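# Structural features, examined
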Amino acid sequence: MATLPQIAVLGAGIFVKTQYIPRLAEISHLFCLKYIWSRSEESSRRAVEIAKQHFPGVECKWGDQGLNDIMQDSSLIGTAVVLAGQVQVDISLKLLKAGKHVIQEKPAATSIPEIETALASYKSVSTNPGQPIWAVAENYRFEPAFVEKLVAGVGDMMNVQVIIEGSMNSSNPYFSSSWRRNFEGGFILDMGVHFIAGLRMIVGCEVTSVSAITSHIDRTLPPPDIISSNFKLENGCSGVFVMVVSSSSPKIIWRVVGSKGTVQVERGKVDGKHGYLVSLYSADGQCKSTFHPFCGVHEELKIFIHDIVQANLKQGNGYEAEPRSSFVEGARDVAVLEAMLESGSKGGTLVNVKKF
């Protein structure tokens, strides 16, 4: 029987405890969770206590010494970096240079300059037997609702609408997150990359330019908390992206209007399950709808485990990891949001999206 690959999780916050540990438990037959690391011993131990229900052998690691132990542990081949946005790239690069495969939570980075520096550093990483995988955990790219290529059935693309009315208020567990409040873009950038990823998956092409207006209404949130942007796709189609970080009536919709029909993806709940309702409206007025429960986190982690196992077996002989998980894909999401934020800061000036 083959030895299971060993991985470590770096981070012990809300998302690790409520999503990573349960989703990793669903695929626990594929790997061994060896460590959970945090900056403090206390937070590491709290997360490990939860994880031990599924991974009895998991150990605590914390602080600089714990991080060094993980980097030097030759039995570890993969790591999940689930930390504050401002430190993720730095920690990920340290692990990559130590020869570890990395799946890092979104956003890929906090700015274009950080992305450019990160890509240059990653390019220089060369370990024996090969360059480690650097994946970005953007679960929207693995949700069946976005994987389906439904726009092919609506004819020529005429217009695209993305409407996000969020629910980031005091009852949301991430509302008090200090790191999301302490970098430029705040919740717009951290939440918005999801919705841009969904947009790019649905339309199947890139956003080339934007013109946005931003505002700040809810003073309990960092600025801006509202963004309204026109955008142009590389296929020539135009669209609108509207995001309100906190509203009293949450709604999340992607809608593509075509010459022969319309496709709409709406986040919602059916039979007690959260997910996405995909509706295809044909030219004759008929509507066909399918509901897809959430499964993106499960899928992206399962694929990462598969990729690192295969990369190890190939021993550096050109294994290509899942492209949807690539750092560059995550960088492209950030580039669109940063262009919108830049345009908003300049009163709606047209801004071209940085290409990666």
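Residues numbered from 1 in each chain as written. Predicted model: local features only at pLDDT ≥ 70, side-chain atom pairs only at ≥ 80, totals over all residues. Heavy atoms only, no water.

- With an unreviewed UniProt entry as reference, the chain is termed Gfo/Idh/MocA-like oxidoreductase N-terminal domain-containing protein, source organism Gossypium raimondii.
- According to its UniProt record, the chain has this under Sequence similarities (unreviewed entry): "Belongs to the Gfo/Idh/MocA family." (UniProt positions renumbered as here; feature names shortened; annotations may be inferred.)

## Here's the deal with the UniProt feature "domain: GFO/IDH/MocA-like oxidoreductase" (unreviewed entry) in the chain
- UniProt records the feature "domain: GFO/IDH/MocA-like oxidoreductase" (unreviewed entry) at residues 164-263, using the numbering of this structure.
- Here residues 164-263 runs as 22% helix and 44% strand, with 17 Å between its end C-alpha atoms. (Helix = DSSP H or I, 4+ residues; strand = E, 2+ residues; numbered from the N terminus.)

## Topic: the sheet that holds strand E9 (residues 226-233)
- Judged by pairing direction, the sheet is mixed, and its nine strands sit side by side in the order E14-E13-E12-E11-E7-E10-E9-E8-E15 without closing on themselves. Of all strands in the sheet, those with a lone pairing partner are strand E14 (287-293) and strand E15 (351-352), marking the two edges.
- Note that strand E13 (residues 273-282) and E14 share seven bridges and pair antiparallel. Within E14, the residue paired with Tyr276 across the bridge is His292.
- With respect to the sheet, helix H10 (residues 327-345) is in contact with strand E8 (207-215), E9, strand E10 (238-244) and E15, its orientation differing from that of E8 by roughly 50°. (Pairing = 2+ DSSP bridges. Contact = heavy atoms within 4.5 Å. Axes fitted to C-alpha atoms, helices over the stretch in contact; angles between N-to-C directions.)

## Considerations on the pattern of salt bridges
- One pass over the structure, following the stated rule, counts 18 salt bridges.
- Its salt-bridge partner being Lys354, residue Glu116 comes within 3.2 Å of it at the nearest N-O pair. Here the residue Glu116 occupies a position in helix H5 (residues 112-124), and Lys354 occupies one in the segment after E15, the gap between them amounting to 238 residues.
- A residue is classified by how much of its surface remains accessible, and Lys354, at 39% relative accessible area, is partly exposed.
- In this structure, the salt-bridge partner of Arg200 is Asp333, at a minimum N-O distance of 2.7 Å. Taken together, the residues Arg200 in helix H8 (residues 186-203) and Asp333 in helix H10 connect sequence positions 133 residues apart.
- Using a relative accessible area of 6% as the deciding quantity, one classes Arg200 as buried. (Salt bridge = Lys/Arg side-chain N within 4 Å of Asp/Glu carboxyl O. Buried < 20%, exposed > 50% of the residue type's maximum accessible area, 1.4 Å probe, protein only.)

## Observations regarding the environment of Ser171
- Within the fold, Ser171 resides in the loop between strand E7 (157-167) and helix H7 (178-181).
- Separated by 2.5 Å, the side chains of Ser171 and Asn169 make a polar contact. (Polar contact = N/O pair within 3.5 Å; in protein donor to acceptor, adjacent residues only side chain to side chain.)

## As for the domain arrangement of the chain
- Assigned domains of the chain: these are domain 1 (6-138 + 297-325) and domain 2 (141-294 + 334-352).
- Put simply, the middle of domain 1 and the middle of domain 2, counted by C-alpha atoms, are 27 Å apart.
- With 23 residues of domain 1 at the interface, the matching set in domain 2 holds 17 residues.
- Approximately 1,700 Å² of surface area, both sides summed, lies buried where domain 1 meets domain 2, with 62% of it carried by carbon and sulfur atoms.
- Our enumeration of links across domain 1 and domain 2 arrives at one salt bridge.
- Residue Asp190 is joined to Lys106 by a salt bridge in which the shortest nitrogen-to-oxygen separation is 2.8 Å.
- Applying the counting rule to domain 1 against domain 2 returns five residue pairs in polar contact (both at pLDDT 80 or more).
- The set of elements that each furnish at least two residues to the side of domain 1 that touches domain 2 consists of helix H1 (14-26), helix H4 (85-97), H5 and helix H9 (296-314).
- Here the side of domain 1 that touches domain 2 is built from residues that sort into eleven nonpolar, six polar and six charged. (Domains from an automatic or database assignment. Buried area = accessible area lost by both parts, 1.4 Å probe. Nonpolar A, V, L, I, M, F, W, Y, C, P; charged D, E, K, R; others polar.)

## Some thoughts on the packing of H1 against H9
- Contact geometry for H1 and H9: axes closest at 9 Å, N-to-C directions at 60°. In terms of their interaxial angle, H1 and H9 are classed as oblique. When the axes of H1 and H9 are compared, the crossing they make is right-handed. Only Val297, His298 and Leu301 of H9 make contact with H1, whose side of the interface consists of Phe15, Gln19, Tyr20, Arg23, Leu24 and Glu26.
- Looking at the contact of H1 with H9 residue by residue, the classes come out as five nonpolar, two polar and two charged. (Parallel < 35°, antiparallel > 145°, perpendicular 65-115°, else oblique. Left-handed = near helix turned anticlockwise from the far one by under 90°.)

## Description of the environment of Tyr276
- Among the secondary structure elements, Tyr276 is positioned in strand E13.
- Along the sequence, Tyr276 and Glu266 sit ten residues apart, while their C-alpha atoms lie 5.4 Å from each other.
- Among residues more than four places away in sequence, those in contact with Tyr276 are Tyr140, Glu143, Ala145, Phe146, Trp254, Val265, Glu266, Arg267, Thr290, Phe291, His292 and Phe294.

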